[in-house]
4 protein chains.
Amino acid sequence: MLRGRVVMIHVFQMLCPGCAMHGLPQAQRVTRLLVDAPLTVIGLHSVFEHHAAMTSLALGAFLAEYRYTFPVSIDAASADGDPRPRTMRAWALEGTPTTLLIDAHGRLRHRLFGVEEELALGVRLGRLLQEVEGAADAPR
Amino acid sequence: MLRGRVVMIHVFQMLCPGCAMHGLPQAQRVTRLLVDAPLTVIGLHSVFEHHAAMTSLALGAFLAEYRYTFPVSIDAASADGDPRPRTMRAWALEGTPTTLLIDAHGRLRHRLFGVEEELALGVRLGRLLQEVEGAADAPR
Amino acid sequence: MLRGRVVMIHVFQMLCPGCAMHGLPQAQRVTRLLVDAPLTVIGLHSVFEHHAAMTSLALGAFLAEYRYTFPVSIDAASADGDPRPRTMRAWALEGTPTTLLIDAHGRLRHRLFGVEEELALGVRLGRLLQEVEGAADAPR
Amino acid sequence: MLRGRVVMIHVFQMLCPGCAMHGLPQAQRVTRLLVDAPLTVIGLHSVFEHHAAMTSLALGAFLAEYRYTFPVSIDAASADGDPRPRTMRAWALEGTPTTLLIDAHGRLRHRLFGVEEELALGVRLGRLLQEVEGAADAPR
């Protein structure tokens, strides 16, 4: 259950240069910096091209080599032959990397296709965390 | 009056490499990113060495060349011959660059001597801004 | 025939972070900068781990996504079950990335395991190119 | 006497951002990397604006703070009121930073206004050094 926690989903492909060079290292920095905060970072491997190269076996090797520590789930293939996997299609994502920020009430609060500016991402995360923790501090 | 606004004070010397290379450009990025937020960024030129080189005339040339747009005040010299200027001494600052974050109630909430990690600074600013803006949104 | 040309061989694995983040982009910068010089840049994909993930099909997708323009050859598997491929083993390479510089007479002049400092690599390349071109200019 | 040595002159102003952020650190990297080569790196402080701020006293403080180890000379003021100092004017330099490369025979071989790409500068230096050292190796 992630209710009560801020969630950052990093949608990537292991062979996407913007993901490997910028997005995934940033997700790892967020994971490390905010280890004690009510935040969950999740990677989502949404393969929409080069399917035969980006298998789950290859993904496992990639994640091990780069030493990413956040959990990664695999977006399931569409049944009807659409090259886009199910979640990517359901959410109508434009491509990878995409960062999604979801607040503690489960509402999508930010979505960006491309690489996030580090300072701007920090401000967004700080605001969402303060919503959770400020509420905890408030008088009842 | 800064009550009701978050304040970030960047304490620097124009000839301090960590300030010129990292701290001041960061203060400018914060200024630009959060131009619409209840945040005021202020530079404080606290000269404690090479006084004859870092005059107000030299500071003016420096700020013009680097195109910094946030306001900068000059820490006044101590009367008793202490090389440290008054505010630096009153606040017992260790050196430059130092970043201070003050919340909307005027309380010092963060102080760091050295260069702030960009993501961490963003999270701190986001939290303090949310305290202000969350309060504005709260039911009365 | 590469006799008469300087050769830079970049030995890599597509899932090696130091290669993907630093070594291969550097090989591409060398390729672009020295396009008119008597220099040939060659990538050598020497897979010694995660063999099932780094297939030639996966390599093709990787090179296409990163838009590398220099030629890449694939180090052949050893016949006796050694995980190290043949060239890597024959040359006793320690790992990836490794950069090899070979002069216009076919002699190995530099070998470094790890990421080359950009300025230092430039100086080495300039010296080797001048050996070739200086000879061409010399009076007969 | 610099005859027989390659000379790199870095023309700068201490309050020029491109110089302080990029050009001077690069000159220091060249100095450190090629300490054993027949190369002399020289800084030239050519002040053409903010003269009252960039005094020799201020320059001394600046160089001490940044720990630059290469020698720096000061371009002399023009007698006729031209804000450009004498060498800058004699050489018709466009501004700062400017990098000049002079070969072992005293001929200007490269001149660039702006920041040099690190790899490209390395290649130029390597070629000029090889001209000197290749000549030393050549049969007589």
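Computed from a predicted model, the values in this text were never measured in an experiment. Every chain is numbered on its own, with residues counted from 1 as its sequence reads. A letter from A marks each chain and a number from 1 marks each ligand, given out in the order of writing. Local features are withheld for residues below a pLDDT of 70 in this predicted model, meaning they are given only at 70 or higher, and side-chain atom pairs are given and counted only at 80 or more; totals for whole chains, interfaces and linings count all residues. In computing side-chain values, all of the structure's heavy atoms are included and hydrogens and water are not.

1. Points about the interface of chain B and chain D
Alright, step 1. When checking whether two residues touch, look at their non-hydrogen atoms; a contact exists if any pair is within 4.5 Å. Chain B puts 17 residues into the contact, and the matching count from chain D is 17 residues.
Alright, step 2. With both sides pooled, the region where chain B packs onto chain D buries about 1500 Å², and carbon together with sulfur makes up 72% of that total.
Alright, step 3. When a carboxyl oxygen of Asp or Glu is within 4 Å of a side-chain nitrogen of Lys or Arg, the pair counts as a salt bridge. Scanning the region where chain B abuts chain D turns up zero salt bridges.
Alright, step 4. Helix and strand definitions here come from DSSP, where helices need a minimum of 4 consecutive H or I residues and strands a minimum of 2 consecutive E residues; each element is numbered from the N-terminal end. When residues of the side of chain B that touches chain D are traced back to their parent elements, those giving at least two are helix H1 (17-33) and helix H2 (56-66) of chain B. Throughout, the accessible surface (probe 1.4 Å) given up by two parts as they are put together, summed over both, is called the buried area.

2. Here we look at the state of the cysteines
By definition, a disulfide is the covalent link that joins the sulfur atoms of two cysteine residues.
All names here are of chain C.
Alright, step 1. Working definition: a disulfide is two cysteine sulfur atoms within 2.5 Å of each other. Following the criterion strictly, the structure yields four disulfides over all chains and no others.
Alright, step 2. Covalently, Cys16 is tied to Cys19 through a disulfide, its sulfur atoms 2.4 Å apart. What sets the handedness of the Cys16 and Cys19 disulfide is the S-S torsion sign, and at about 80° it is right-handed. By the burial criterion, Cys16 is buried, and Cys19 matches it. Three labels apply to residues, based on accessible area from a 1.4 Å probe with only protein chains included: buried if under 20% of the type maximum, exposed if over 50%, partly exposed otherwise in between.

3. Some words on helix H2 (residues 56-66) of chain C
Alright, step 1. Where H2 of chain C is concerned, the buried positions are Ala58, Leu59, Ala61, Phe62, Leu63, Glu65 and Tyr66 of chain C.
Alright, step 2. Where H2 of chain C is buried, its residues touch helix H1 (17-33) of chain A together with strand E1 (6-12), helix H1 (17-33), strand E2 (39-45) and strand E3 (72-74) of chain C.
Alright, step 3. Positive backbone phi, approximately 55°, marks Arg67 of chain C, located one or two places after H2 of chain C.

4. Remarks on the interface of chain A and chain B
Alright, step 1. Contacts between chain A and chain B engage 20 residues on the former and 20 residues on the latter.
Alright, step 2. Of the roughly 1700 Å² buried where chain A meets chain B, counting both sides, 65% is carbon and sulfur surface.
Alright, step 3. Area buried by chain A at its contact with chain B is led by Leu119, Arg127 and Gln130 of chain A, which between them contribute 39% of it.
Alright, step 4. Scanning the region where chain A abuts chain B turns up four salt bridges.
Alright, step 5. The partner of Arg127 of chain A in a salt bridge is Glu133 of chain B, and the shortest N-O contact between them spans 2.6 Å.
Alright, step 6. Pairs of N or O atoms are called polar contacts if they sit within 3.5 Å, as long as, within protein, a hydrogen donor faces a hydrogen acceptor (for residues adjacent in sequence, only side-chain-to-side-chain pairs). On the surface where chain A and chain B come into contact, there are six residue pairs in polar contact (both at pLDDT 80 or more).
Alright, step 7. Going through the elements one at a time, H1 and helix H4 (118-137) of chain A are the ones with two or more residues in the side of chain A that touches chain B.
Alright, step 8. Under the scheme applied here, ten amino acids are nonpolar (Ala, Val, Leu, Ile, Met, Phe, Trp, Tyr, Cys and Pro), four are charged (Asp, Glu, Lys and Arg), and all others, including Gly, are polar. When its residues are assigned to classes, the side of chain A that touches chain B shows ten nonpolar, three polar and seven charged.

5. Observations concerning the relation of the copies chain B and chain D
Alright, step 1. Alignment of copies: least-squares fit on C-alpha atoms of residues with pLDDT of at least 70 in both copies. With an RMSD of 0.0 Å, the operation that places chain B on chain D is a rotation of 180° combined with a shift of 0.0 Å along the axis. The symmetry that links the two subunits is that of a two-fold axis. For chain B, the residue whose C-alpha comes nearest the rotation axis is Met21 of chain B, separated from it by 3.1 Å.

6. A short note on the pattern of salt bridges
It is possible for side chains of opposite charge to pair when their charged atoms get near one another.
Alright, step 1. Here the structure, examined in full by the defined rule, presents 40 salt bridges over all chains.
Alright, step 2. Among the salt bridges present, the one from Asp82 of chain D reaches Arg89 of chain D, with a minimum N-O distance of 3.3 Å.
Alright, step 3. Where salt bridges share partners, they join Asp80, Asp82, Arg84 and Arg89 of chain A into one cluster.

7. Examining the relation of the copies chain A and chain B
Alright, step 1. In screw terms, the move from chain A to chain B is a rotation of 180° and a rise of 0.0 Å along the axis, fitting with an RMSD of 0.0 Å.
Alright, step 2. When you check the interface residues of chain A against chain B, 100% turn up at the interface there too, and the contact is symmetric in its surfaces.

8. Side note on the environment of Ala77 of chain D
Residue and element names in this part refer to chain D.
Alright, step 1. Within the secondary structure, Ala77 sits in the loop between strand E3 (72-74) and helix H3 (86-90).
Alright, step 2. Taking relative accessible area as the criterion, Ala77 reaches 57% and is therefore assigned exposed.
Alright, step 3. For the pair Ala77 and Phe113, spaced 36 residues apart in sequence, the C-alpha separation works out to 21 Å.
Alright, step 4. Leave out the neighbours within four places in its chain, and Ala77 touches Pro85 and Arg86.

9. Some remarks on helix H1 (residues 17-33) of chain D
Residue and element names in this part refer to chain D.
Alright, step 1. With 17 residues, H1 should cover 24 Å at 1.5 Å per step; its first-to-last C-alpha distance of 24 Å lies within 8% of that length.
Alright, step 2. At Gly23, H1 shows its maximal bend, which comes to roughly 35°, and the proline Pro25 appears one to four places after that position.
Alright, step 3. Among all positions of H1, only Cys19, Ala20, Gly23, Leu24, Pro25, Gln26, Ala27, Gln28, Val30 and Thr31 are buried. A helix is expected to reach a length of 1.5 Å times the quantity of its residues less one. Two axes enter the definition of the bend at a residue: one is fitted to the seven residues ending there, the other to the seven starting there, and the bend is the angle between them.

10. A few points about the pairing of strand E5 (residues 108-113) of chain A
Alright, step 1. At least two DSSP bridges between two strands are needed for those strands to be called paired. As paired strands, strand E4 (residues 98-102) of chain A and E5 of chain A are joined by five bridges and run antiparallel to one another. In the strand pairing of E5 of chain A, Thr99 of chain A is matched with Leu112 of chain A.

11. Quick word on unusual backbone geometry
Alright, step 1. Omega for the bond connecting Thr96 of chain B with Pro97 of chain B falls within 30 degrees of zero, at 0°, which places this linkage in the cis form.
Alright, step 2. With respect to the element layout, Pro97 of chain B can be found in the loop between helix H3 (86-90) and strand E4 (98-102).
Alright, step 3. Its identity is not glycine, yet His50 of chain C carries a phi of approximately 50°, on the positive side.
Alright, step 4. Secondary-structure assignment places His50 of chain C in the loop between E2 and H2.

12. Things to note about the sheet that holds strand E4 (residues 98-102) of chain D
Residues and elements named next belong to chain D.
Alright, step 1. The five strands lie next to each other as E3-E2-E1-E4-E5, forming an open sheet whose pairing is mixed. Edge positions in the open sheet fall to E3 and strand E5 (108-113), since each of these has one partner strand only. Here the strands of the sheet are splayed against their neighbours by 20° on average, with no regard to which way each runs.
Alright, step 2. Relative to E3, strand E2 (residues 39-45) is paired through three bridges, and the arrangement is parallel. Its bridge partner lying in E3, Gly43 is registered against Val72.
Alright, step 3. Whenever a helix is involved, its axis is fitted only over the stretch in contact; in every case the axis is a line through C-alpha atoms, and angles between N-to-C directions fall within 0 to 180 degrees. Packed onto the sheet, H1 meets strand E1 (6-12) and E2 and runs at close to 160° relative to E1.
Alright, step 4. Sitting on the sheet, helix H2 (residues 56-66) is in contact with E1, E2 and E3, with an inclination near 165° to E3.

13. Topic: the side chain of Thr99 of chain B
Alright, step 1. For Thr99 of chain B, the position within the fold is in strand E4.
Alright, step 2. Those residues in contact with Thr99 of chain B that sit more than four places away from it in its chain are Met8, Ile9, His10, His110, Arg111, Leu112 and Glu116 of chain B.

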